[in-house]
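Descriptive structure summary
If you want the building blocks of each chain, they are given just below.
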Amino acid sequence: MTGQRAPINQRENYMAEIPEVAETSDRTLNRMVGATVVVLSVLLTIGNIKDGNIVQNMQGDQASKIDLWNEYQATKIKAHLSEDTASMLGAMGQSPESAAATKTAVRYRSESKGLQDQAKAAEADYDVQGRRDDQFDLAEGFMSIALAVSGISALTESRRLLMIGWAAAGLGLLFLVSGFLELPIHPDVLVAFLT
């Protein structure tokens, strides 16, 4: 009788012989893990968006800094050339041309000071944004650890692992808040080790 189905009563007997697998007795743990995963996922997403914007600002600061230092150097060279020209014209007895060249040199010196200040400001902003980027990177790292440990805690039904996950999440949250509020929390030793 190949291809034919067993009578209904035989199927029922077969189903009755399959032992029931007990479901996890601690549904509260699973709920806590589920809530932890959702909260951490949302926080990671928010942190990644902000971190991406900070990286874009850093790239802009870096480009501005390079451009401003290049312009500063060019202006300093123009100032030196104008001073040299003024000196040569003065030595040749051409006072009006020498005075004009001196005036041009003074203008370039003034411009170069402004360019130098702008380049230093872009450099300082880059450094500040870099520290904030580190904070968001640490937040992401600790929250990723928290997600992994929390997931394992559900599989092993271990509340201790969930607590360890929450501790990692707490560190991640500390760095996330520090990044958003620009707090001076920055573990230089850890960042130096990771970079």
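The structure presented is a predicted model; accordingly, all values stated were derived computationally and were not measured.

A tally of helices and strands in the protein yields 5 helices and 0 strands. In the protein, the succession of α and β elements from N to C terminus is α-α-α-α-α. The burial tally for the protein puts 28% of its 195 residues in the buried class. Sequence separation of 24 or more characterises 80% of the internal contacts of the protein that already satisfy a separation of 6 or more. On the protein, roughly 12,900 Å² of surface is accessible, and the fraction owed to carbon and sulfur atoms is 61%.

Turning our attention to the pattern of salt bridges. With the rule as written, the count across this model stands at 5 salt bridges. Between glutamate 83 and arginine 109 there is a salt bridge, with its nearest N and O atoms 2.9 Å apart. Taken as a pair, glutamate 83 in helix H2 (residues 27-91) and arginine 109 in helix H3 (residues 95-156) lie far apart in primary sequence, 26 residues in all. Judged by its relative accessible area of 28%, arginine 109 is partly exposed. We note a salt bridge from arginine 131 to aspartate 188, for which the minimum N-O separation is 3.6 Å. With arginine 131 in helix H3 and aspartate 188 in helix H5 (residues 188-194), this pair connects stretches of sequence that are 57 residues apart. On the accessibility criterion, arginine 131 (39% relative accessible area) is partly exposed. Residue aspartate 188 is classed as partly exposed on the basis of its relative accessible area of 44%.

Predicted confidence across the protein gives a mean pLDDT of 87, with 87% of residues reaching 70 or more. Highest mean pLDDT in the protein belongs to helix H4 (residues 159-181) (96); lowest belongs to helix H1 (residues 8-17) (56).

What follows deals with the environment of serine 144. Note on placement: serine 144 falls in helix H3. For the pair serine 144 and glycine 172, spaced 28 residues apart in the sequence, the C-alpha separation amounts to 8.7 Å. From its side chain, serine 144 meets the backbone oxygen of glutamate 140 in a polar contact 2.9 Å long.

This next bit is on the nonpolar core. Among the nonpolar cores identified, the biggest contains 15 residues, and Leu40, Met143, Ala146, Phe175 and Leu176 are the most heavily contacted of them. Of all the elements, H3 adds the most residues to this core, at 6 residues. Setting aside chain neighbours within four positions, we find leucine 176 in contact with Leu43, Gly47, Phe136, Ala139 and Met143.

Looking now at the packing of aromatic side chains. For the structure shown, the criterion picks out 3 aromatic pairs. Between tryptophan 69 and tyrosine 72, the aromatic rings sit 5.3 Å apart at their centres with planes inclined by 85 degrees, giving edge-to-face as the arrangement. Remark: tyrosine 72 and tryptophan 69 occur in helix H2; sequence separation between them is 3 residues, near one turn of the helix. Judged by relative accessible area, tryptophan 69 falls into the partly exposed class, the value being 24%. Considering the side-chain rings of phenylalanine 142 and phenylalanine 175, the 5.9 Å spacing of their centres and the 15 degrees angle between planes classify their relative orientation as stacked. A residue pair is termed long-range when its members are at least 10 positions apart, and phenylalanine 142 in helix H3 and phenylalanine 175 in helix H4 qualify at 33 residues.

The rules we used
- Residues numbered from 1 in each chain as written.
- Predicted model: local features only at pLDDT ≥ 70, side-chain atom pairs only at ≥ 80, totals over all residues.
- Heavy atoms only, no water.
- Helix = DSSP H or I, 4+ residues; strand = E, 2+ residues; numbered from the N terminus.
- Buried < 20%, exposed > 50% of the residue type's maximum accessible area, 1.4 Å probe, protein only.
- Contact = heavy atoms within 4.5 Å.
- Areas by Shrake-Rupley, 256 points an atom, 1.4 Å probe, with all protein chains shown as cover.
- Salt bridge = Lys/Arg side-chain N within 4 Å of Asp/Glu carboxyl O.
- pLDDT = per-residue confidence, 0-100.
- Polar contact = N/O pair within 3.5 Å; in protein donor to acceptor, adjacent residues only side chain to side chain.
- Core = buried A, V, L, I, M, F, W, Y, C linked by side-chain atoms within 4.5 Å.
- Phe/Tyr/Trp six-rings, centres within 6.5 Å; stacked < 30°, edge-to-face > 60°.

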